[in-house]
Amino acid sequence: MNTRVESALNEQIKKEASSSQFYLAMASWAEGNGLNGTAKFMYTHSDEERFHMLKLIKFVNERGGTALIPAIEQPPVDFKNLKNVFELLLKHEISVTESINDLVDICLQEKDYTTHNFVQWYVSEQLEEEALARTILDKIKLIGNDNGGLYLFDRDLEASIIQANTSNQMNGGN
Ligand code: OFO
């Protein structure tokens, strides 16, 4: 496998692993603060990031490269508030999108069209994740400091995850 592409893919493996740990820290913080909906959302998001990492690891190995399993820095333990959590999530997703774009660029420079094709899945995924983070953040900004509103927001988030899981199961997904 092209060594420049391989090393960019390994960098991306590290980013996905860091994302998973970062969202796990947010999930744990939310759970400890009685925000069950946010905790469920973040636990699910953390699992998705781990899946993104695994998909990259398998791709690198299948293409004859060597996937590197990275050491990860410890994520924060504490967050200011719910708004801060989702602001950090959006900021993080924007930085991941930038690194996916760099990866696409490297694939084109190195004329690795197979990896370019593979990476398109991540391009679409980032588009969806950024849009979702923006929608949630807009809602939180509208609620402001109204505790009743934040309680309802968290409850709605929990209900939307249960609904998404149920329809996923009905469609045969996991
Ligand atoms: Fe891996 O999708 Fe977000 O970061």
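As the structure is a prediction and not an experimental result, all values here were calculated from the model.

**Focus on unusual backbone geometry**
Peptide bonds are mostly trans, and most non-glycine residues show a negative phi.
So, step 1. One non-glycine residue, Lys111, lies in the positive phi region at around 55 degrees.
So, step 2. The topology assignment puts Lys111 in the loop between α3 (82-109) and α4 (113-143).

**Considering the packing of aromatic side chains**
So, step 1. Enumeration according to the criterion identifies nine aromatic pairs in this entry.
So, step 2. With a centroid separation of 5.9 Å and an interplanar angle of 75 degrees, the aromatic rings of Trp29 and Phe79 are classed as edge-to-face. Of the two residues, Trp29 sits in helix α1 (residues 3-32) while Phe79 sits in the loop between α2 (36-62) and α3, which places them 50 residues apart along the sequence. There is no split in this pair, since Trp29 and Phe79 are both buried.
So, step 3. Here Phe41 and Phe86 contribute two aromatic rings whose centre-to-centre distance is 5.7 Å and whose plane-to-plane angle is 50 degrees, an arrangement assigned as tilted. Of this pair, Phe41 sits in helix α2 while Phe86 sits in helix α3, and the two are 45 residues apart along the sequence.
So, step 4. The class of Phe41 is buried, set by a relative accessible area of 11%.

**Some thoughts on the nonpolar core**
So, step 1. Counting residues in each nonpolar core, the largest one holds 25 residues, and the members touching the most others are Met26, Phe41, Met42 and Phe86.
So, step 2. Residue assignment for this core shows that the elements contributing at least two residues are α1, α2, α3, α4 and α5 (147-170).
So, step 3. Setting aside chain neighbours within four positions, we find Phe41 in contact with Phe86, Leu89, Leu132, Ile136, Leu157 and Ile161.
So, step 4. Membership of the second largest hydrophobic core comes to 19 residues, among which are Ile13, Ala17, Leu103 and Phe118.

**Some remarks on the environment of Tyr43**
So, step 1. With respect to the secondary-structure elements, Tyr43 resides in helix α2.
So, step 2. Spatially, the C-alpha atom of Tyr43 lies 23 Å from that of Lys141, the residues being 98 residues apart in sequence.
So, step 3. With residues near it in sequence (within four places) discarded, Tyr43 still touches Leu24, Ala27, Ser28 and Glu31.

**Description of the confidence of the model for the protein chain**
So, step 1. Confidence along the protein chain averages 94 in pLDDT terms, with 98% of residues attaining 70 or more.
So, step 2. Highest mean pLDDT in the protein chain belongs to α1 (98); lowest belongs to α5 (85).

**Regarding α4**
So, step 1. Between its first and last C-alpha atoms α4 spans 46 Å; for 31 residues at 1.5 Å apiece the expected length is 45 Å, and the two agree.
So, step 2. Of all the residues in α4, the buried ones are Thr115, Phe118, Val119, Tyr122, Glu125, Gln126, Glu129, Glu130, Ala133, Ile136, Leu137 and Ile140.
So, step 3. Looking at the buried positions of α4, the neighbouring elements they touch are α1, α2, α3 and α5.
So, step 4. At the exit of α4 stands Gly144, carrying a positive phi of roughly 65 degrees.

**A closer look at the pattern of salt bridges**
So, step 1. Enumeration over the complete set of coordinates arrives at five salt bridges.
So, step 2. For Glu158, the salt bridge identified is with Lys40, shortest N-O distance 2.8 Å. Placement of Glu158 in helix α5 and of Lys40 in helix α2 is noted, with a sequence separation of 118 residues between them.
So, step 3. For Lys40, a relative accessible area of 36% translates into the label partly exposed.
So, step 4. With a shortest N-O distance of 3.0 Å, Arg134 and Glu130 are connected by a salt bridge. Of this pair, Arg134 and Glu130 both sit in helix α4, separated by four residues, roughly a single helical turn.

Reading the values: the criteria
- Residues numbered from 1 in each chain as written.
- Predicted model: local features only at pLDDT ≥ 70, side-chain atom pairs only at ≥ 80, totals over all residues.
- Heavy atoms only, no water.
- Helix = DSSP H or I, 4+ residues; strand = E, 2+ residues; numbered from the N terminus.
- Phe/Tyr/Trp six-rings, centres within 6.5 Å; stacked < 30°, edge-to-face > 60°.
- Buried < 20%, exposed > 50% of the residue type's maximum accessible area, 1.4 Å probe, protein only.
- Core = buried A, V, L, I, M, F, W, Y, C linked by side-chain atoms within 4.5 Å.
- Contact = heavy atoms within 4.5 Å.
- pLDDT = per-residue confidence, 0-100.
- Expected span 1.5 Å × (residues − 1).
- Salt bridge = Lys/Arg side-chain N within 4 Å of Asp/Glu carboxyl O.

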